There are 2 protein chains.
Amino acid sequence: MQGGKCLKSAWKLFKSSGEGAARHYSHTSTRGSFGLLFDIDGVLVRGQTPIPAAKRCFRKLVDRRGRYKVPVVFVTNAGNCMRQAKAEHLSHLLEVEVSPEQVMLSHSPLRMFTQFHQMCVLVSGQGPVQEVARMLGFQNVVTIDQVREGYPLLDIVDHDRRPKDSIPPTKGLRPIEAVILFGEPIRWETNLQLILDVLLTHGNLGSNWNGAPYPHLPLLACNMDLLWMAEAKNPRFGHGMFLVCLESLYKKVTGQDLKYEALIGKPSVVTYNYAELLVRRQAERLGWSLPVKTLYAIGDNPMADIYGANLYDRYLRTAPRSEARLPEACRSILVCTGVYSKEEALPSLSQQRVFHGHRDFRFEPDLTQPSYVVDDVQDAVELAFEQEGWSLH
Amino acid sequence: MQGGKCLKSAWKLFKSSGEGAARHYSHTSTRGSFGLLFDIDGVLVRGQTPIPAAKRCFRKLVDRRGRYKVPVVFVTNAGNCMRQAKAEHLSHLLEVEVSPEQVMLSHSPLRMFTQFHQMCVLVSGQGPVQEVARMLGFQNVVTIDQVREGYPLLDIVDHDRRPKDSIPPTKGLRPIEAVILFGEPIRWETNLQLILDVLLTHGNLGSNWNGAPYPHLPLLACNMDLLWMAEAKNPRFGHGMFLVCLESLYKKVTGQDLKYEALIGKPSVVTYNYAELLVRRQAERLGWSLPVKTLYAIGDNPMADIYGANLYDRYLRTAPRSEARLPEACRSILVCTGVYSKEEALPSLSQQRVFHGHRDFRFEPDLTQPSYVVDDVQDAVELAFEQEGWSLH
C-alpha cells in the first residue's frame, strides 16, 4: 500500500495548501463530469451499524430538495436480497432517499445474460433466491431445497436429516442445465454436496457420477468477496470462501479445475459496465447533457473495490473510440473503516502479499493500489469534489 | 486395480480347484493364527440397509453358543457416536452379539494422546461430541456452540442467526489450546469460520487475526474419509471433504499450509495399532495362547481400508524383532459392495488415478492395491478361512 499512502500524503498536503483551498469552492465549469460509486459494507455500515461519517457526507450530497448533486450508485457484492429492500435499508441508514435504480447488487448484471434465461437453472444462496432469479429474468428455477425433496438420499451429512426407517422414494426433477451461485448459502455441506452432484451427473441427478462430460455444466457465480467486515474485530466469511470450498472439492474429487462461465460482482468489469449504465441514467435524470467523464469508486476492500475500479479504469483507457459516451477514467479511493485499516491492518498477511482475490483473477499487485487512501467515506467524497473543482457545501 | 483383479482370478481358480477344496475343511493345525478387521459402511451396511451377505457370514462366524471362532474387530472411520451405540446397532443388524470392546471408531486412539487430555480443547463434529471427548479422557472441552454463545459476533453467515437490533455482549471463553475434529459437523460455514478464528487468534478469540504465530495451535483430526457409500447411487461426503475445505480456506487466507498434529482413523498406522490391541484382547478371551500371526482387513474403500491395511503390513514387516507379539502380516481384502464396485466403478476417475486420499498421505498406487478382490464380505471371510486352512462350517 506504499503507493497509496504516498498519494494520500500528497492529497493531505494539497488539501491544506492555498491552491487546494482555492479550487475547493470553484464549480460548474465542468458540470456533468463525474459520478460516485459507493461500496456499502465497510464504507457506509459495519454489520447493522452505520459508520458516522456516512450520514454526515450524504447530508451534503443532496440539495435542499433531497436531489443528489451528482450521480450516485451503490455497488455492493451483497446479493442475498432484492434491490428494493437494499434501497429502503440505505434510505433508513443514511437518512436520504435512495431509489432501487441507484442500487446494484452482485447479481444485477445477470439481467444481461439472456442466453440462460430459458434454461432450467439451479440456484444457490439464502433469502429470496427464487424471487431474485425470477426478477432477473430466469424462467425455470430449481432451488437446493427442491433438489433435496426430489432426491432425498443425496443430502445426508446431518444425521438428524437423514431418512430414518424407510427409504423415501426418489421423485426426480427435470434435468438441470446451469448452476447459478448468488451468494453464501446456509448449511454449506448441503449446497456443496448437491452442486457437486449436479455437476458430476451433468444435471441428471439419477445418473452415475462417471457419466458427466468435462467441462461441466455452465456455472455462474456472483460475489467473489473472500472476506468482509461486520461488527466483529476480524473479517468474516464472504461468498468467496464458499467458492474456494466448491473449487477445492471439485478438484479433489475429479482432479480437474472447476470452470466458471461467468464471475459477476466486483472486481469484474461486467459489474462496472453495469454500474456505469446506472450512473448514466442518473446523469440523464439530473438533466446533464454532457457525458460523465470520471467515476470515483469508494471502497474498503483492496481486492474487490480497488482491484475492480483499477481494472475498469484500464478497460476504459483501452476501450474503442466509438464508445464515446464511456467515462475516460475510474479512480479508486480506499477507506480505512472496513477490511483495510491502517492501525489494524493484517501486516503478517499483507507483508506476505497473500492473494485474497479469486483464483481466476491474476494477482497483479498494481491493481490493488488505490489512486487515493483516505480515512473514511466523508474524506473520500470531499476528495472527489475537490479533484473536480466542485463545492460540496 | 489390475493387480488386485489378477489376484482375484487366481483366488477363484484356487477356490474351484481340488487343492483348494482339500484345504477348505482342514483346520486346528494353526489355531490362534489370525483375526479379522471389518470395515462397516459399504461392507456390512449401506446407510441403514444391511448388506445380505453380512448377516449370512456372521451367522457362520460364531459357534452355537454365540462365541466368535476368531477375533473379530470392527474398525470404522465413523466417529460421531459412542462405541456402545455402534455395538448395539451392529448386534441388531448382524443378529449376533457385538460387544463395545470389539468396536473401534475413528477417534478411539485419542485415548492414548494423554498429553492433550488436560488442555482446553475445542471439539468439532455432530452428535454427542462433548460426551465422546470426555469418555476419551479430555477434561476441558469447549464446543462450537459454546464459542458461538461466548462470541456472538463471529458466526454470521446465516442472516437469520445474526444479532438483530442490538449488539449482544461478548461473554468470552477461556483460551483454547488445541482443536479436535471428530467428524463432519452440521453447518460447515459455522465450524469453518470459528475454527479458523481459533487458529488465527491462537485460541484467544478476542485478539486480532494477525497476532497468531505459525505453526498454529495443535490440530488433531479423526476420520479423513473423503467419500463413503450410503443408499444413494453415488458416493456421499465424508469428513475428508470437510478437511479439504478447512485446509483450502486456511491456505487461501494465510498463504500457509494447515498442519495436523495427528491424523487418526484409517489409513493411519496408529489406528491399526489400536485395532491390533483389540484383536489381541479378543484372542486372550478366546483362550488363545499363541499370538495372532495374520490380520485380514476387509473393506470397500481403496484409499482408507486397503491403503491402511497395506501401510500397516509394511509397518509390521519393518517392526523391531523385540515386538514379538505383533502379527507378521496384514492382508487387505477389497469388497465390491461399497465405494469400489466392478460394474459401477468410476472409470473416468480411476483411469486418471485421482488421489482420493488425504493430502498428508503420499499417493502410492501400490498401497491401494488389495491383496484380494472379492464380491462381498461373505467371500472375504471364506477367503480368509481358506487361506488359514480353517473351516467356517
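Predicted model only: the values in this text are computed from it and were never measured.

### Quick word on the overall build of chain A
Along its length, chain A carries 12 helices and 15 strands. The buried share of chain A, reckoned over its 393 residues, is 62%. Summing over all exposed atoms, chain A offers an accessible surface of approximately 15,500 Å²; the carbon and sulfur share of this is 50%.

### Concerning the confidence of the model for chain A
When pLDDT drops low, the exact placement of atoms in the prediction is not to be read closely. Residues and elements named next belong to chain A. Looking at chain A as a whole, its pLDDT mean stands at 88, while 88% of the residues score no less than 70. Long-range and interchain partners of residues 1–30, a stretch whose pLDDT sits below 50, account for 50 contacts in this model, where long-range means more than four residues apart. Scored below 50 in pLDDT, residues 344–352 shows 13 contacts in the model against residues more than four places distant or in partner chains. Across the interface, the model reports ipTM at 0.86; the global pTM reads 0.86.

### Structural notes on the interface of chain A and chain B
Every contact between the two is made by 63 residues of chain A and, on the other side, 63 residues of chain B. Carbon and sulfur atoms make up 62% of the surface buried where chain A meets chain B, a total of about 5,100 Å² over both sides. The tally of links from chain A across to chain B stands at two salt bridges. Residues R236 of chain A and D197 of chain B are paired through a salt bridge, measuring 2.8 Å at the closest nitrogen-oxygen approach. Our enumeration of links across chain A and chain B arrives at 27 residue pairs in polar contact (both at pLDDT 80 or more). Listed by contribution, the elements that provide at least two residues to the side of chain A that touches chain B are α7 (188–200), β10 (227–228), β11 (236–237), α8 (239–254) and α11 (347–351) of chain A. Top element by residues in the side of chain A that touches chain B is α8 of chain A. It accounts for eight residues. Split by residue class, the side of chain A that touches chain B holds 30 nonpolar, 20 polar and 13 charged.

### What to know about the sheet that holds strand β13 (residues 294–299) of chain A
Residue and element names in this part refer to chain A. Pairing is parallel across the open sheet formed by six strands, whose spatial order is β5-β4-β1-β13-β14-β15. Each edge of the open sheet is held by one strand with a lone partner, namely β5 (103–104) and β15 (372–374). Direction of pairing for β13 relative to strand β14 (residues 329–335): parallel, over a ladder of six bridges. Among the inter-strand pairings, T294 is bridged to a residue of β14, identified as A329. Relative to strand β4 (residues 72–75), helix α9 (residues 269–285) is tilted by about 155 degrees, and along the sheet it contacts β1 (34–38), β4, β5 and β13.

### A word on the environment of I167 of chain A
Along the chain, I167 of chain A turns up in the loop between α6 (144–150) and β8 (178–181). Accessibility expressed as a relative area gives 46% for I167 of chain A, which makes it partly exposed. For the pair formed by I167 of chain A and Q84 of chain A, sequence separation is 83 residues and the distance between their alpha carbons is 43 Å. Apart from the residues lying within four places of it in its own chain, the contact partners of I167 of chain A are L153 of chain A together with T49 and E231 of chain B.

### Digging into the nonpolar core
Core analysis: the biggest nonpolar cluster contains 96 residues, and W188 and L192 of chain A together with W188 and L192 of chain B have the highest contact counts within it. The residues contacting W188 of chain B, other than those within four sequence positions of it, are V157, W188, E189 and L192 of chain A together with F237, G238, M241, F242 and C245 of chain B.

### Some remarks on the relation of the copies chain A and chain B
With an RMSD of 0.0 Å, chain A superimposes on chain B once it is rotated by 180 degrees and translated 0.0 Å along the axis. The superposition of one copy onto the other is thereby described by a two-fold rotation axis. Looking at the rotation axis and the C-alpha trace of chain A, the residue lying nearest is R187 of chain A, at 2.1 Å. Most of the interface of chain A is mirrored in chain B, where 100% of its interface residues again form contacts.

### Describing the packing of aromatic side chains
Per the counting criterion, the structure on display carries 30 aromatic pairs over all chains. Counting every residue linked through ring pairs, the aromatic cluster contains F34, W288, Y296, F385 and W390 of chain A.

### Things to note about the packing of helix α3 (residues 52–61) of chain A against helix α12 (residues 377–388) of chain A
Residue and element names in this part refer to chain A. Two elements in contact, α3 and α12, have axes whose closest approach is 7 Å; the angle formed by their N-to-C orientations is 30 degrees. The pairing of α3 with α12 is recorded here as roughly parallel in orientation. On α12, the residues that touch A53, A54, R56, C57, K60 and L61 of α3 are V377, Q378, V381, E382 and F385. Residue classes in the contact of α3 with α12 are distributed as seven nonpolar, one polar and three charged.

### Here's the deal with the pattern of salt bridges
Throughout the structure, instances matching the rule amount to 28 salt bridges over all chains. For R161 of chain A, the salt bridge is made with D155 of chain A, and the minimal N-O distance between the two is 3.1 Å. For R280 of chain B, the salt bridge identified is with E276 of chain B, shortest N-O distance 2.9 Å. Placement of both R280 of chain B and E276 of chain B in helix α9 (residues 269–285) is noted, with a separation of four residues, approximately one turn of the helix.

### Looking at the pairing of strand β8 (residues 178–181) of chain B
Residues and elements named next belong to chain B. Residues A178 and I180 line one face of β8 and the alternating positions V179 and L181 line the opposite face, and both faces are buried. Bridge count for β8 against strand β9 (residues 219–222) is three bridges, and the pairing is parallel. Opposite L181, over in β9, you have A221 as the bridge partner. Crossover handedness for the path β8 to helix α7 (residues 188–200) to β9: right-handed.

### Concerning the side chain of S268 of chain A
Residue and element names in this part refer to chain A. If you trace the backbone, S268 turns up in the loop between β12 (262–264) and α9. Of the residues examined, S268 reaches a relative accessible area of 4% and is grouped as buried. Within the local environment of S268, its side chain forms a polar contact with the backbone oxygen of L263, the two atoms lying 2.5 Å apart.

### A short note on unusual backbone geometry
Of note, the amide linkage connecting K266 of chain A to P267 of chain A takes the cis form, showing an omega dihedral of 5 degrees. Mapped onto the elements of the fold, P267 of chain A is located in the loop between β12 and α9. Omega for the peptide link from Y214 of chain B to P215 of chain B comes to 0 degrees, which places this bond in the cis form. For P215 of chain B, the location among the structural elements is in the loop between α7 and β9.

### Points about α8 of chain A
All names here are of chain A. Here α8 contains 16 residues, and its C-alpha end-to-end distance of 23 Å stays within 8% of the 22 Å for a straight helix at 1.5 Å per residue. Counting buried positions over the 16 residues of α8 gives 15, a clear majority of the element. G255 sits one or two positions beyond α8 and adopts a positive phi of about 80 degrees.

### Some points on the environment of D379 of chain B
Residue and element names in this part refer to chain B. Topologically, D379 is positioned in helix α12 (residues 377–388). Classification of D379 by relative accessible area gives buried; the value is 15%. In sequence terms D379 and N210 are 169 residues apart; their C-alpha atoms lie 56 Å from each other.

### Here we look at the sheet that holds strand β6 (residues 121–124) of chain B
Residues and elements named next belong to chain B. Overall, parallel pairing links the five strands, which are arranged β7-β6-β8-β9-β12 in an open sheet. Among the strands making up the open sheet, the edge pair consists of β7 (141–143) and β12 (262–264). Shown here is a sheet whose adjacent strand axes are inclined to one another by a mean of 20 degrees, direction ignored. For β6 and β7, the ladder comprises three bridges, and the chain directions are parallel. Across the sheet, residue V121 finds its bridge partner in β7, namely V141.

Conventions used here
Residues numbered from 1 in each chain as written. Chains lettered and ligands numbered in written order. Predicted model: local features only at pLDDT ≥ 70, side-chain atom pairs only at ≥ 80, totals over all residues. Heavy atoms only, no water. Helix = DSSP H or I, 4+ residues; strand = E, 2+ residues; numbered from the N terminus. Buried < 20%, exposed > 50% of the residue type's maximum accessible area, 1.4 Å probe, protein only. Areas by Shrake-Rupley, 256 points an atom, 1.4 Å probe, with all protein chains shown as cover. pLDDT = per-residue confidence, 0-100. Contact = heavy atoms within 4.5 Å. Buried area = accessible area lost by both parts, 1.4 Å probe. Salt bridge = Lys/Arg side-chain N within 4 Å of Asp/Glu carboxyl O. Polar contact = N/O pair within 3.5 Å; in protein donor to acceptor, adjacent residues only side chain to side chain. Nonpolar A, V, L, I, M, F, W, Y, C, P; charged D, E, K, R; others polar. Pairing = 2+ DSSP bridges. Axes fitted to C-alpha atoms, helices over the stretch in contact; angles between N-to-C directions. Core = buried A, V, L, I, M, F, W, Y, C linked by side-chain atoms within 4.5 Å. Least-squares fit on C-alpha atoms with pLDDT ≥ 70 in both. Phe/Tyr/Trp six-rings, centres within 6.5 Å; stacked < 30°, edge-to-face > 60°. Parallel < 35°, antiparallel > 145°, perpendicular 65-115°, else oblique. Right-handed = clockwise from strand over helix to strand, strands pointing away. Expected span 1.5 Å × (residues − 1).

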